[in-house]
Amino acid sequence: MSILQLCYVVSAILFILGIRSLSSPETARRGMNLASLGMLLAIIGALFSQQIVSYTWIIAGLLLGTLLSIPISLWIPMTKIPQRIALSHAGGALAACLIGIAEYYRYRTSLAPASMGIVAIEVMLGALTFTGSLMVAGKLHGILPGRPITYKGQNAVNITLFIVMVCILITITLSPEMNVMFYILLSLSFLFGIFLVTPIGAADMPVVIAIFNAYGGLTGAVMGFMLANRIQIITGALDGASGFILSILMCKAMNRSIMNVLFGAFGKANEKSDTHSLASDKNQPQSISVEEALPFFEQAKSIIIAPGYGMAASQAHHALREFVDKLKANGVNIKYAIHPVAGRMPGHMNVLLAEANVPYTDLFDMEEINPEFPHADIALVVGANDVTNPAARTVKSSPIYGMPILDVDKAKKVIVLKRSLSPGFSGIDNELYYKDHTWLLFGDAKESLSKLAYGFKRAWGA
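> Just give me the short version of the overall build of the chain, but keep the residues and values in it.
A count of helices and strands for the chain gives 17 helices and seven strands. Here the C-alpha atoms of the chain give a radius of gyration of 25 Å, agreeing with the 23 Å that 2.2 N^0.38 yields for 462 residues. Referenced to the eigenvectors of the C-alpha coordinate spread, the extents of the chain come out at roughly 80 × 55 × 35 Å. Taken over 462 residues, the chain has a buried fraction of 46%. Just so you have it, the chain exposes about 22100 Å², and 64% of that area is on carbon and sulfur atoms.

> Please give an account of the packing of helix α4 (residues 81-107) against helix α5 (residues 113-141) that cites residues and values.
Running from amino to carboxyl end, α4 crosses α5 at an angle of 155°, the nearest separation of the two axes being 7 Å. With respect to each other, α4 and α5 are oriented roughly antiparallel. Seen along the crossing, α4 lies across α5 with a hand that is left-handed. Its residues placed into classes, the contact of α4 with α5 shows 20 nonpolar, seven polar and one charged.

> Would you mind going over the packing of aromatic side chains in detail, with residue names and values included?
Tallying each qualifying case throughout the model produces ten aromatic pairs. Aromatic side chains tyrosine 104 and phenylalanine 182 sit 3.9 Å apart centroid to centroid with 15° between the ring planes, which places their arrangement in the stacked category. Placement of tyrosine 104 in helix α4 and of phenylalanine 182 in helix α7 (residues 179-197) is noted, with a sequence separation of 78 residues between them. You can call tyrosine 104 buried: its relative accessible area is 1%. Overall, the relative accessible area of 0% leaves phenylalanine 182 in the buried class. Between tyrosine 104 and tyrosine 183, the aromatic rings sit 6.3 Å apart at their centres with planes inclined by 80°, giving edge-to-face as the arrangement. Here the residue tyrosine 104 occupies a position in helix α4, and tyrosine 183 occupies one in helix α7, the gap between them amounting to 79 residues. The ring of phenylalanine 364 has lysine 335 lying over it, and the distance from NZ or CZ to the ring centre is 5.1 Å. In this arrangement the basic side chain of lysine 413 is found over the ring face of phenylalanine 296, its NZ or CZ atom lying 5.4 Å from the centre.

> Give a detailed account of the side chain of glutamine 154, specifying residues and quantitative values.
Looking at the secondary structure, you find glutamine 154 in helix α6 (residues 154-174). For glutamine 154, a relative accessible area of 6% puts it in the buried group. Look past the residues within four positions of glutamine 154 in its chain and what remains in contact with it is Ile149, Thr198 and Pro199.

> Kindly report on the pattern of salt bridges, identifying the contributing residues and their values.
Scanning all chains against the criterion turns up nine salt bridges. Lysine 335 is paired through a salt bridge with glutamate 372; the nearest N and O atoms lie 2.5 Å apart. Taken as a pair, lysine 335 in strand β3 (residues 333-338) and glutamate 372 in the loop between α15 (366-369) and β5 (378-382) lie far apart in primary sequence, 37 residues in all. On the accessibility criterion, glutamate 372 (27% relative accessible area) is partly exposed. For aspartate 407, the salt bridge identified is with lysine 410, shortest N-O distance 3.7 Å. A relative accessible area of 11% means that aspartate 407 is categorised as buried. For lysine 410, a relative accessible area of 43% translates into the label partly exposed. Here the residues in one salt-bridge network are Arg393, Asp407, Asp409 and Lys410, joined through shared partners.

> Tell me what's going on with the packing of α4 against helix α8 (residues 205-227), and back it up with residues and numbers.
Viewed as axis vectors pointing N to C, α4 and α8 meet at an angle of 25°, and their least axial separation amounts to 10 Å. Considering the angle they form, α4 stands roughly parallel to α8. Of the two elements, α4 crosses α8, and the hand of that crossing is left-handed. Here Pro82, Ile85, His89, Ala96, Ile99, Gly100 and Glu103 of α4 lie close against α8, whose contacting residues are Ile209, Phe212, Asn213, Thr219, Met223, Met226 and Leu227. Its residues assigned to classes, the contact of α4 with α8 comprises nine nonpolar, four polar and one charged.

> Give a description of the sheet that holds strand β6 (residues 413-418) that names residues and reports values.
Adjacent strands of a sheet pair through backbone hydrogen bonds, lying either parallel or antiparallel. The seven strands lie next to each other as β1-β7-β6-β5-β2-β3-β4, forming an open sheet whose pairing is parallel. Since the sheet does not close on itself, it has two edges, and those belong to β1 (286-287) and β4 (363-365), each with one partner. Against the sheet, helix α13 (residues 317-329) engages β2 (302-307), β3 and β5, with an angle of about 145° to β3. Contacts between helix α14 (residues 348-355) and the sheet are confined to β2, β3 and β4, with β3 contributing the most and set at about 145° to the helix.

What counts, and where the lines are drawn
Residues numbered from 1 in each chain as written. Predicted model: local features only at pLDDT ≥ 70, side-chain atom pairs only at ≥ 80, totals over all residues. Heavy atoms only, no water. Helix = DSSP H or I, 4+ residues; strand = E, 2+ residues; numbered from the N terminus. Rg over C-alpha atoms; globule rule 2.2 N^0.38 Å. Buried < 20%, exposed > 50% of the residue type's maximum accessible area, 1.4 Å probe, protein only. Areas by Shrake-Rupley, 256 points an atom, 1.4 Å probe, with all protein chains shown as cover. Axes fitted to C-alpha atoms, helices over the stretch in contact; angles between N-to-C directions. Parallel < 35°, antiparallel > 145°, perpendicular 65-115°, else oblique. Left-handed = near helix turned anticlockwise from the far one by under 90°. Nonpolar A, V, L, I, M, F, W, Y, C, P; charged D, E, K, R; others polar. Phe/Tyr/Trp six-rings, centres within 6.5 Å; stacked < 30°, edge-to-face > 60°. Lys NZ or Arg CZ within 6 Å of the ring centre and 35° of its normal. Contact = heavy atoms within 4.5 Å. Salt bridge = Lys/Arg side-chain N within 4 Å of Asp/Glu carboxyl O. Pairing = 2+ DSSP bridges.

Dropping the structure here:
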């Protein structure tokens, strides 16, 4: 066995073990280290390939990639990780697309129909994943509108465009010498990626990120077939399969199908529905100050915390950990309720809380923690909105109807940290805020939690 083959075999094993370890927060860090080691071995093994003519551009690429990755890893805050992930998907997809274009440009006159089909599929998937991922990053970063952008007949246009792309793909597979058709397919694929994400709202971004992760993996796998590279096939297949499985799990957590995510324009207000502002029908929500909230926490024995994207936006996870430490020191039982789609990417809350050194044993999935809310003295909601909205259970006209939610409204008292009464990604009011046992602590979550930690410390003389 050559050094190249040995490196590839070990890399494949490490990738599989790495993905397996990502199934639990306790082993996730080890999984990332294993996968990183696998990628390093794959790169080292590739350097021993006998097909390499010159190392000049390879070394240049390695140096440039290293120089770019260091500031990205050091300076990008955790709140921007979702859009960075989307940009990574875009970069990988573009690289695969360019490799496919280069292969076609070099060998188009000698490509067999099967080989041409592989090249065409790789270029199509790579191009639409590139522009689609850029759209996702733009929506997450606020450069593009987060709401769905729709027009009459949009789904028909998208489906027609996809059918045209498939027809062109079949045509150039049978006739590889048709250069014009190949570049038309490339252009339409770039356009399709934009059209695909335009009608999708920011609320669906966790699912969309997972889907494009799958597309990127499939692009890599197809590239592996094109280049006859076994490790590329293995890693692409693993990436694609895990992305599809994750997207299915995300959709299940939202009680929706992938087709509904891609074509349902979730988050766009339905003018014909009766999901109008609850504020017009109910009393104003009860607000509370830090000083008024402190006695609730001083008397509580059990508190369940429901974090959301608002916690990430205000960088409040460290302040939350400081407050929780004070509560624990005084005998309060603390648990964190993690909704699968809280935040803007799968596992977003887990990553943020891990950064603040929150013990993994304190984190509980929605199915585990929901039965415990009725026994909790306080449900502390930190920036979560749609995933705590009781309308998902009762209002059939609501865009989130049927979505499993955290049962925070069943706790004895609910305290919500929120900047304002602005709705979440779904664009509707949260019924939770108008409950008689709910109080809203308005302001920046980080600042509010710091004041709570200080006030609690002072009250207990700790």
